[in-house]
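Each chain, letter by letter, is given below.
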Amino acid sequence: MPRLISAVLVLRRDPRLLKLPPYISLLCIIVGVVWLLVLPLDQYSRRTYISENALLPGQVHTYFGGSDQNVFRAYRHEIDALYTANKSNIEVNDELERIFKGVGLKVGRQNYTYNSGGNTYGGENVYAILQAPRGDATEAIVLVAAWKNVQEELNRNGLALALALTRYFRRWSLWSKDIILVVPPDSRAGPQAWVDAYHDAHDPASVASLPIKSGALQGAIALDYPQESRFESVHIVYDGVNGQLPNLDLINSVVNIASGQMGMESSLQRMWKHSQKYDDNLKTVLRGMLRQALGHASGPHSSFIPYHVDAVTLQPVGNGWHDEMGLGRLVEGMFRSLNNLLEKLHQSFFFYLLIHKHRFVSIGTYLPSAMLVAANFTIMAIALWVKSGYREVEKTEKKEINGEEKDGEAKEAKEAEPVLKTVERENVERQTLLPLTLVAGCQFIGVVPLFIFNQTSSSLLTPIFILFALSNAALPHLASYFLTNSIYKPPTTQQYQLIKSFSLLLLGMFLSSLATLNFSLAFLIGLLSSPLSFTQPWPNNQVARYAQVSLLHALSPPTVLFVGSLVGGVDVRTVLEEAAFGWHVWGLYTPLVVWCVWWPAWIAGCLVVLGQPGTEAGGKEKRA
């Protein structure tokens, strides 16, 4: 044991040890990416299954159909008449309230007004409560059918089907939970206002309180059915705000009832034809990760998930032989399953990546990939902190050949003496004031773009973004020039090491914490920020300096935002407008992560690359 301790102490002082962290950091990034790429293989994923036995999906016979189709057509005719007459939101709600009261339901209405980007998003929600004959109003299930879907299309079949289902449910006495039908005027702001007010988490200045309520919400199903023709399969939309997901049992129940009882195909992430091969598996995973990283609401269901209300949106797609009665029986089967629950869904997974409808990857399998990418920043930060505490000192020693010199040969012997040069390390005091101030300033300056893009009018977003992108390109160069020439003395090599160390330490800490909440966002930002681990000053190599800073500019947040909008087929204004709307309405934190975590680390990395360390501490000191 003493020999082992001695060997460890000798190894700790070995200067070659500090040369390993960059290679370990690169290895972490490579392994993290490879780890993600092997997840779509069947060997690393699991088959889906129902964990909550009380759900019993597909175990009951559904009766929706027959004469109910005539009711559905009558409601659709009334909806078409309202839409053709170009009725206002208030007039539409007056007609819906008349229908609800005719069925014998309690009706409530709610006004809301949101302001974002100089635009006003307002309207009135109408909802009805079907009280359970066998319940005590302590639990409820929600059916959402917006007047218009996310694409601003009239949800004519979805709303007509929801009205027909509510009338059908009214005839049954088996319900142990209340059923709430919510009809918002849109699929973005309306559901958020309703669910916020239902949980008393709304701002009374912009969102009105609900006049009537039921019990705790156990689940929600949203219908998005604007197409006229029959459909081929059901697209299950499950992404929530800020990357949150519903309980996996809910999705599995939809798939089980659709395929096992209704004979319907189901799809995820707009993969209409899935071969269950590696290519389609990987494409499904990447699409799911991109939606999760963006964090925006993908349907009316998304607003429910932050309140631990498991919800999905059902979208009939394609041209096939299934009609609206089949979709109605699917919703009936889901409501019958949710009606069996004794408590909220909790036994299955809330953190997962779906490979396809029958296979998934759990958090314990996919999380290491993001953690490895985040760990590379922490490894480099610790290595730079250790390295900044030492300074290499070059010592020269004269070696005596025979141990003594004669008087007559002193001069010749002195000239012939060999000189030994050794490099040793000595401890130095760390100068942390400037690095800490600079890194803290970079973190706080992230509030500027966050405020600008969230408060600017949408009509000015494009010119403001262009101006910001140009300023962003010049900012590191101006800041580096100021640091080098406008202060008492330029930063030393040690101070540049500490700037990079503190910046990477914060980035690694933020991303590793974020990975447990939004794995995809943490992995994506970690991958785009990975070149920051290998930045260093290049005082004597102009080509290397500007080549590295050009790479950093190509991976800067404004550049990635612009290129991403081009690839997605939308303009930058739409992306920024959606982000501002999410910030004000949904509580979206993706802009916060981009401008207050990623962008400050990028600025610090550019300052390190453009740095001109002071010569008095930049090289090796000679000491005789």
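For the structure, see preceding data.
Cut-off values and rules
- Residues numbered from 1 in each chain as written.
- Predicted model: local features only at pLDDT ≥ 70, side-chain atom pairs only at ≥ 80, totals over all residues.
- Heavy atoms only, no water.
- Salt bridge = Lys/Arg side-chain N within 4 Å of Asp/Glu carboxyl O.
- Helix = DSSP H or I, 4+ residues; strand = E, 2+ residues; numbered from the N terminus.
- Buried < 20%, exposed > 50% of the residue type's maximum accessible area, 1.4 Å probe, protein only.
- Pairing = 2+ DSSP bridges.
- Axes fitted to C-alpha atoms, helices over the stretch in contact; angles between N-to-C directions.
- Contact = heavy atoms within 4.5 Å.
- 1 Å grid on protein atoms, 1.4 Å probe; cavity = no way out; pocket = protein on both sides within 12 Å on 5 of 7 lines; lining within 4 Å.
- Points joined across faces, edges and corners; volume = space filled by probe spheres on them.
- Disulfide = S-S within 2.5 Å.
- Phe/Tyr/Trp six-rings, centres within 6.5 Å; stacked < 30°, edge-to-face > 60°.

### Looking at the pattern of salt bridges
Reasoning step 1: What the rule picks out here adds up to 16 salt bridges.
Reasoning step 2: Between Arg98 and Glu78 there is a salt bridge, and its shortest N-O distance comes to 3.4 Å. Within this pair, whereas Arg98 is found in helix H4 (residues 89–103), its partner Glu78 is found in helix H3 (residues 68–84), the two being separated by 20 residues in sequence.
Reasoning step 3: Look at Arg98 and you get partly exposed, because its relative accessible area is 48%.
Reasoning step 4: Judged by relative accessible area, Glu78 falls into the partly exposed class, the value being 27%.
Reasoning step 5: The partner of Arg188 in a salt bridge is Glu578, and the shortest N-O contact between them spans 2.6 Å. A residue pair is termed long-range when its members are at least 10 positions apart, and Arg188 in the loop between strand S5 (178–183) and helix H6 (189–198) and Glu578 in helix H19 (residues 572–586) qualify at 390 residues.
Reasoning step 6: A cluster of three or more residues bridged by salt bridges with shared partners is formed by Asp94, Glu97, Lys101, Arg109 and Glu124.

### Some points on the sheet that holds strand S8 (residues 265–268)
Reasoning step 1: A sheet is described by the order of its strands in space; here 8 strands give the open sequence S2-S3-S5-S4-S6-S9-S7-S8, paired in mixed fashion. Whereas interior strands pair on both sides, the edge strands pair on one side only; in this sheet they are strand S2 (106–116) and S8. Between one strand axis and the next, the sheet turns by 25° as a mean value, whatever way the strands run.
Reasoning step 2: Judged from the 6 bridges that link them, strand S4 (residues 139–144) and strand S6 (residues 216–223) form a sheet pairing that is parallel. Within S6, the residue paired with Ile141 across the bridge is Gly219.
Reasoning step 3: Helix H5 (residues 156–170) contacts strand S3 (119–130), S4, S5 and S6 of the sheet and is inclined by roughly 160° relative to S5.
Reasoning step 4: Its contacts with the sheet place H6 against S2, S3, S4, S5 and S6, and it is angled at close to 115° to S2.

### Details of the pairing of S5
Reasoning step 1: With 6 of 6 residues buried, S5 lies mostly within the body of the structure.
Reasoning step 2: Burial along S5 is two-sided: the residues Asp178, Ile180 and Val182 and Ile179, Leu181 and Val183 are all buried.
Reasoning step 3: Pairing of S3 with S5 involves 5 bridges; the strand directions are antiparallel. The residue bridging Leu130 from the neighbouring strand is Ile179, located in S5.
Reasoning step 4: In this sheet, S5 lies alongside S4 in parallel orientation, the contact comprising 5 bridges. Among the inter-strand pairings, Ile141 is bridged to a residue of S5, identified as Ile179.

### Considering empty space enclosed by the protein
Over the atoms, a rolled probe matching the size of one water molecule traces out where space is still vacant.
Reasoning step 1: In the structure shown here, the tally under the stated rule is 4 cavities of 30 Å³ or more.
Reasoning step 2: Quantified by volume, the largest cavity comes out at close to 80 Å³.
Reasoning step 3: Surrounding the largest cavity, Tyr238, Asp239, Leu245, Gln269, Thr284, Val285, Gly288, Gln292, Tyr352, Leu353 and Leu354 form its lining.
Reasoning step 4: Elements with a minimum of two residues in the lining of the largest cavity: helix H8 (278–294) and strand S10 (352–356).
Reasoning step 5: Ranked by the residues each element gives to the lining of the largest cavity, the list is headed by H8, at 4 residues.
Reasoning step 6: In this structure, the second largest cavity spans a volume of roughly 50 Å³.
Reasoning step 7: In terms of lining residues, the second largest cavity is bounded by Lys500, Ser503, Leu504, Leu532, Thr535, Ala601, Ala604, Gly605 and Val608.

### As for unusual backbone geometry
Reasoning step 1: Phi at Leu56 takes a positive value of approximately 45°, unusual for a residue other than glycine.
Reasoning step 2: One can find Leu56 in the loop between strand S1 (46–47) and H3.
Reasoning step 3: In the Ramachandran plot, Asn86 falls in the positive-phi region, its phi being about 55° despite a non-glycine side chain.
Reasoning step 4: Locating Asn86 in the fold gives a position in the loop between H3 and H4.

### Observations concerning the sheet that holds S1
Sheet strands associate in pairs through backbone hydrogen bonding, adopting either a parallel or an antiparallel arrangement.
Reasoning step 1: Here we have 3 strands laid out as an open sheet, ordered S1-S11-S10, and antiparallel in their pairing. Looking at which strands have only one partner, the edges of the open sheet turn out to be S1 and S10.
Reasoning step 2: Pairing of S1 with strand S11 (residues 359–362) involves 2 bridges; the strand directions are antiparallel. Residue pairing across strands places Arg46 opposite Phe360, the latter belonging to S11.
Reasoning step 3: Strand contacts of helix H10 (residues 363–388): S10 and S11, with the helix running at about 60° to S11, the strand carrying the most contacts.

### Concerning the pairing of strand S7 (residues 231–237)
Reasoning step 1: Where burial is concerned, most of S7 is hidden: 6 out of the 7 residues are buried.
Reasoning step 2: For S7 and strand S9 (residues 311–322), the ladder comprises 6 bridges, and the chain directions are antiparallel. From the neighbouring strand, Val237 faces S9, where its bridge partner is Thr313.
Reasoning step 3: Bridging between S7 and S8 involves 4 bridges; their strand directions are parallel. Note on S8: the bridge partner recorded for Ile236 is Leu268.

### What to know about the state of the cysteines
Reasoning step 1: This model, assessed by the stated rule, comprises 0 disulfides.
Reasoning step 2: Take Cys606: it sits in no disulfide, and the sulfur closest to it among the cysteines is that of Cys442, at 10.0 Å.

### Focus on the packing of aromatic side chains
Reasoning step 1: Counted by the stated rule, this structure contains 24 aromatic pairs.
Reasoning step 2: For the ring pair Tyr112 and Tyr114, a centre distance of 6.0 Å and an interplane angle of 45° mean the geometry is tilted. Each member of the pair, Tyr112 as well as Tyr114, carries the same accessibility label: buried.
Reasoning step 3: Between Tyr366 and Phe519 the ring centres are 4.6 Å apart and the planes differ by 55°, which places this aromatic pair in the tilted class.

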